[in-house]
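Structural overview for review
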Amino acid sequence: MTSGTRAAPVSNKGLWAGRIMGALAVLFLLFDSLIKVMKLPQAVEGSTALGYPAGVVRGIGIVELICLLIYVIPRTSVLGAILLTGYLGGAVATHVRVGSPLLTHILFPIYVALLIWGALFLPDPQLRRLIPLKG
């Protein structure tokens, strides 16, 4: 049985907007995960300032990198987006717990999550059918 609703075709603008959004999110998350995996001093200092022991920084970076790899594989991108949303939700919770500033620290992971999902939503008619936005 098929549904009678159809998603709008993908416009060239929607396709490119999705690609740009995805590239921005991937570049940021790749940088963030690699500095943690390499245990660069900035990553260790930032994590310990948030209350995490220095010994867990590499593990956090590996988890982030695995989630990112799952996201960039087209067949598993939705699963990767779900995993990264959870990861970024943990970042928001951590910053709320330590009282970080709203605009510079707490909202930034939310912006990254919006880029991740926007990159999938704009060019994918199936996802737009699954999550219809009412206007």
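Our subject is the structure that appears above.
All values derive from a computational prediction rather than experimental measurement. (Residues numbered from 1 in each chain as written. Predicted model: local features only at pLDDT ≥ 70, side-chain atom pairs only at ≥ 80, totals over all residues. Heavy atoms only, no water.)

Right, let's get into the nonpolar core. Core analysis: the largest hydrophobic core is formed by 16 residues, its most contacted members being Leu29, Tyr71, Leu84, Leu88, Val112 and Ile116. Taken together, the elements giving at least two residues each to this core come down to α1 (12-37), α3 (57-72), α4 (77-98) and α6 (108-121). Among the elements that line this core, the one with the most residues is α6, at six residues. For valine 112, the contacting residues outside a window of four places in its chain are Ala25, Phe28, Leu29 and Leu88. (Core = buried A, V, L, I, M, F, W, Y, C linked by side-chain atoms within 4.5 Å. Buried < 20%, exposed > 50% of the residue type's maximum accessible area, 1.4 Å probe, protein only. Helix = DSSP H or I, 4+ residues; strand = E, 2+ residues; numbered from the N terminus. Contact = heavy atoms within 4.5 Å.)

Mapping serine 100 onto the fold places it in the loop between α4 and α5 (102-106). Under the relative-accessibility criterion, serine 100 is labelled buried at 15%. Distance from serine 100 to serine 47, taken between C-alpha atoms, is 13 Å for residues 53 residues apart in sequence. Setting aside anything within four residues of it in sequence, one finds serine 100 in contact with Leu50, His95, His105 and Ile106.

Turning our attention to the packing of aromatic side chains. The final tally for this structure, using the stated rule, is one aromatic pair. Over the ring of tryptophan 16 we find arginine 19, and its NZ or CZ is 4.7 Å from the ring centre. (Phe/Tyr/Trp six-rings, centres within 6.5 Å; stacked < 30°, edge-to-face > 60°. Lys NZ or Arg CZ within 6 Å of the ring centre and 35° of its normal.)

A few words now on unusual backbone geometry. For lysine 39, which is not glycine, the phi torsion reads 50° and is therefore positive. With respect to the helices and strands, lysine 39 occurs in the loop between α1 and α2 (41-49). Judged by relative accessible area, which is 31%, lysine 39 ranks as partly exposed.

Right, let's get into a nonpolar patch on the surface. The grouping of Phe28, Leu102, Leu103, Phe108, Ile110, Tyr111 and Leu114 at the surface amounts to a nonpolar patch, some 670 Å² of accessible area in total. Secondary-structure elements contributing two or more residues to the nonpolar patch are α5 and α6. Broken down by element, the nonpolar patch gets its largest block of residues, four residues, from α6. Examined against the element boundaries, leucine 114 turns out to sit in helix α6. (Patch = residues over 30% accessible without salt bridge, like charges linked within 9 Å, V, L, I, M, F, W, Y side chains within 5 Å. Areas by Shrake-Rupley, 256 points an atom, 1.4 Å probe, with all protein chains shown as cover. Salt bridge = Lys/Arg side-chain N within 4 Å of Asp/Glu carboxyl O.)

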